[in-house]
Structure formats: C-alpha cells, structure tokens
Amino acid sequence: MRGLRPGRFAPLVVLVVLALLPYSTLQVPGLFDGVLNSPGTLQLLALCLVFGGVALSYDLLFGFTGLLSFGHALYFAAGTYVANLALTELGWGLGPALLLTSAVGIALPLLVGGVALRVSGIAFSMVTLATAQVGSILVLQDPGGLTGGEEGLAVARDPIPDALVGVFNTVNKYWLALAYLALVYLVVTWVTNSRAGHVWQAIRENERRVEVLGLRPYGFKLLVFVLAGLLAAFGGVVHLLLLGGSTPRVTTADFTLGLLVMVVLGGAGSRWGAVLGGVLYTYLDSRLTDLAASPAVQDLPAWLRVPLSEPLFLLGTLFVLVVFFVPGGIAGLVSRLRERRGGRARPAGDGTPPPGRVVEQLRDAAGRGAGVGAGAGRPHDGT
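Quick caveat, the model's predicted, so the values are computed rather than measured. (Residues numbered from 1 in each chain as written. Predicted model: local features only at pLDDT ≥ 70, side-chain atom pairs only at ≥ 80, totals over all residues. Heavy atoms only, no water.)

1. Things to note about the overall build of the chain
For the chain, the count of helices and strands is 16 helices and two strands. Across the 383 residues that make up the chain, the buried fraction comes to 46%. If you sum the accessible surface of the chain, you get close to 19,000 Å²; carbon and sulfur atoms cover 67% of it. (Helix = DSSP H or I, 4+ residues; strand = E, 2+ residues; numbered from the N terminus. Buried < 20%, exposed > 50% of the residue type's maximum accessible area, 1.4 Å probe, protein only. Areas by Shrake-Rupley, 256 points an atom, 1.4 Å probe, with all protein chains shown as cover.)

2. Considerations on unusual backbone geometry
Residues other than glycine seldom take positive phi values, yet aspartate 142 does so here, at roughly 55°. Mapped onto the fold, aspartate 142 is located in the loop between helix H5 (122–141) and strand E1 (153–154). Among the residues examined, aspartate 142 registers a relative accessible area of 24% and is labelled partly exposed.

3. Quick notes on the packing of helix H2 (residues 39–65) against helix H6 (residues 170–192)
Closest axis-to-axis distance for the H2/H6 pair is 8 Å, and the angle between their directions is 15°. Considering their axes alone, H2 and H6 lie roughly parallel with respect to each other. Taken as a pair, H2 and H6 cross one another with a handedness that is left-handed. (Axes fitted to C-alpha atoms, helices over the stretch in contact; angles between N-to-C directions. Parallel < 35°, antiparallel > 145°, perpendicular 65-115°, else oblique. Left-handed = near helix turned anticlockwise from the far one by under 90°.)

4. A short note on the packing of aromatic side chains
Aromatic ring pairs are reported here in terms of the distance separating the ring centres and the angle at which the planes meet. Tallied over the entire structure, the rule returns eight aromatic pairs. Three or more aromatic residues joined by ring pairs form one cluster here, namely Phe51, Phe76 and Phe255. A cation over a ring is seen here: arginine 118 above tyrosine 218, with NZ or CZ 4.2 Å from the ring centre. (Phe/Tyr/Trp six-rings, centres within 6.5 Å; stacked < 30°, edge-to-face > 60°. Lys NZ or Arg CZ within 6 Å of the ring centre and 35° of its normal.)

5. So, the side chain of threonine 256
Secondary-structure assignment places threonine 256 in helix H10 (residues 253–266). Here histidine 72 takes part through its backbone nitrogen, which lies 3.4 Å from a polar atom of the side chain of threonine 256. Excluding its chain neighbours within four sequence positions, the residues that come into contact with threonine 256 are Tyr58, Ser69, Phe70, Gly71, His72 and Ala73. (Polar contact = N/O pair within 3.5 Å; in protein donor to acceptor, adjacent residues only side chain to side chain. Contact = heavy atoms within 4.5 Å.)

6. Section: helix H7 (residues 195–205)
The buried fraction of H7 is high, at eight of 11 residues. Ala196, Gly197, Val199, Trp200, Gln201, Ile203, Arg204 and Glu205 are the residues of H7 that are buried.

7. Re the environment of glutamate 207
Following the sequence through the fold, glutamate 207 ends up in helix H8 (residues 207–212). Along the sequence, glutamate 207 and glycine 66 sit 141 residues apart, while their C-alpha atoms lie 10.0 Å from each other. Sequence-distant contacts of glutamate 207, defined by excluding residues within four places in its chain, comprise Ala202, Pro217 and Lys221.

8. Quick look at a nonpolar patch on the surface
Taken together, the side chains of Phe9, Leu12, Val13, Leu15, Val16, Val17, Leu20 and Tyr23 present a nonpolar region at the surface, about 780 Å² in accessible area. Here leucine 12 shows up in helix H1 (residues 10–20). (Patch = residues over 30% accessible without salt bridge, like charges linked within 9 Å, V, L, I, M, F, W, Y side chains within 5 Å. Salt bridge = Lys/Arg side-chain N within 4 Å of Asp/Glu carboxyl O.)

9. Notes on the side chain of serine 270
By the secondary structure assignment, serine 270 is in the loop between H10 and helix H11 (271–292). Here glycine 273 takes part through its backbone nitrogen, which lies 3.2 Å from a polar atom of the side chain of serine 270.

10. Some points on the nonpolar core
Core analysis: the largest hydrophobic core is formed by 74 residues, its most contacted members being Leu60 and Trp200. Per-element accounting of this core gives the leading share, 17 residues, to H2. Beyond its immediate sequence surroundings of up to four residues, leucine 60 is in contact with Thr65, Val188, Val191, Thr192, Trp200, Val224, Leu227 and Ala228. The next biggest cluster of nonpolar side chains, apart from the first, holds 10 residues, and it includes Ala83, Ala86, Ile160 and Leu164. (Core = buried A, V, L, I, M, F, W, Y, C linked by side-chain atoms within 4.5 Å.)

11. Remarks on the packing of H10 against helix H15 (residues 329–342)
One way to put it is that H10 packs onto H15 with a least axis distance of 3 Å and a crossing angle of 5°. On the basis of the axis angle, H10 is roughly parallel to H15. Contacts from Val264, Leu265 and Gly266 of H10 reach H15 at Gly329, Ile330 and Ala331. Class assignment of the residues belonging to the contact of H10 with H15 gives a composition of four nonpolar, two polar and no charged. (Nonpolar A, V, L, I, M, F, W, Y, C, P; charged D, E, K, R; others polar.)

12. Brief notes about helix H9 (residues 217–243)
Given a rise of 1.5 Å per residue, 27 residues ought to cover 39 Å, and the 39 Å separating the end C-alpha atoms of H9 matches this to within 8%. Among the 27 residues in H9, 23 count as buried, and that is most of the element. Trailing H9 by a residue or two, glycine 244 shows a phi angle of about 75°, which is positive. (Expected span 1.5 Å × (residues − 1).)

Written out as structure tokens, the structure reads:
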C-alpha cells in the first residue's frame, strides 16, 4: 500500500479531465473568450497541448541529457512540410503520409546528429543552429513552388479524413492533440526510466565518468537526438492538421528559442514541468498578442504602450526573471517548497539533482569553465 502513492495517478487523472473538457460548457472569464467547448477555446487548448508535447521532446535533449540544441525546429518543420507535400502534391492518404514523415523524422536527425555530436558544447549548438538555418532558407526560397515561401503552404483537404476537417470538428482535433501529448509523455517516461535514460542523465552529470565506466556516450546521445527529433516531427503533423497548413515561422531559430523558454519556464529535467511550460508559454503568447491589439493598451502612454505591444518582449522579460530568480522553473519552485515544508532537503536516491535544476547546473559549469555536471573539471577517482 505504501507504493500506491497518489502522485503516480496524477497524469492519468489529468488526462481524463482533459479528455472530458470538450463536454464542459463552463465559462472562465479573463482566461478564455468563450465557453470551454467552443471551437475557438478548443483550438487554443489544442495548440497548447501540441506545444506541451514538443517542449517535452526538447526537454528530452536539454533537460535529461544536457544537449543544448538550437535546431529542434528543423524536425518539427520537417514533420509539417513533409506531411503537407505528401498530402497535397503526391495525393497520398494520411496513413502513407505519416509513414513518410516517420522515415524523414528518423533519417534527418540521424544525419544531423551524426555530424553535430562529433563536437560538444557551443560547437554542437552552433552546428545544430546552422542546419536549422539551412532548412529555414530552403523553405523561404520556395524551390519549385513546393513550400509556398513566406506565405506558407495550405494542405489539401481531400486526403484528410472528414472527422479532422472544418470548424465543427475542432473537438476531434483537440483529442488528436491530447493523444499526441499523451504519446510523447508515455514514451519519454518509459525511455527516461530505462537503462538508456539513466545513461543520458549520467552524461548530463559527467560525460567523462560515463566513458571511464566503459560506455560510449556518442551512441547514447545519437539515440536520444533521433528520438527527440522523431517526436517533434509527429508534433509537426498534428500542428498541420490543427491549422490546416504549414507556416515558415516554425522553421526559424526563434521557434527553437521558444522551446527553450518553455522548458526553462516549466523546469528542465522534469516531464510535467516541460509540459506545463509549453502549455503556459503558448497560452501567454496567444493572449498577449490579443492584449497588445486591445484598445486598453493602445490608449496608454508611449513608454508603456510600446513594450506592452510586443508579446515577445514580455515573454523574454519573463524568461530572464525565471533564469535569475527561479532557475529551476515551476518544477524547481515546487521542489523547493516541498523541501521547506519537510524541514530539510530530501536527497535523490540515484544521486541526481532534483527536477528542474538543470539550468543551475549549466550556470555553475559555465562558471567553472568545464562541462556540465557536478564533478566536471575536477580529477576523477582512479583516472
């Protein structure tokens, strides 16, 4: 009975509540414009769920393995554009388009990771950034009129099932987004608790010690790189079905920086923290855009109107405040509150830091001029 902790069932309870949400006619003034089951509210909630899943796929790289990639947008964009071209240009059904997207979602990060992971640190981040920029330029150049350039590419509706087309089927798209988030959460939970997941966290702590133990970090890092890219590609497909088209905005480095803000906001290295950060960031991005165009903001003095009219400025300010004052994000804050309520800090059973403390580790490691990890830069026992 001691092993049946209520916290273990929390994700299942949240999943059930979210699945039943479209049946609710509750109105939440100030948070949503209409009732919960209105198409506009469900569309916004579906976007939040999608980016919660994409943020979790990025946290698999950054939070659990310590790989700071600036090119995660490339795989999300590959998912939405490859699926779109398969449906629109090739006339394939949704099933074959998903299979093609899966193949690209494996091959592309395998190719990029095979090169980028030969280096580490800032060099790795720059290589991933460069590859993402190549993809962004390719989309904007619109080769052969395939990508639509700056205007994006609308998806053909004929190959898509009728249940996923139209405003009246927004509830089905919402459930699809929820299914994607549940899939990503299950996969990340399974792999992080596996042997490979423990090695990833050991690499984050101290890669040199992993090498001393006789393991090859390169193979494990390539595995998590490909898995995270594949999960992001699936998110691109769901995003395509949700919006009815592909937009070049998802190919930019700003999109990856947005994912980084989501993870840091929620708490790097925490599954539920990354999801909550993705949901909160997406919601704020949408609502702040509406707020910037509202008469209440436009009538303010210029020194207030200009910053409040830029949602990215407000989100960037929030990111800076979180990094300085709550570096563990929401998950780290909850962990600290639990420790204070318990009267003492509870040590982690496996020697890893509490969830959400990855940003602190990176900051401390940068201050020492060494790699990520509590023991990096110091002599190792027996070496």
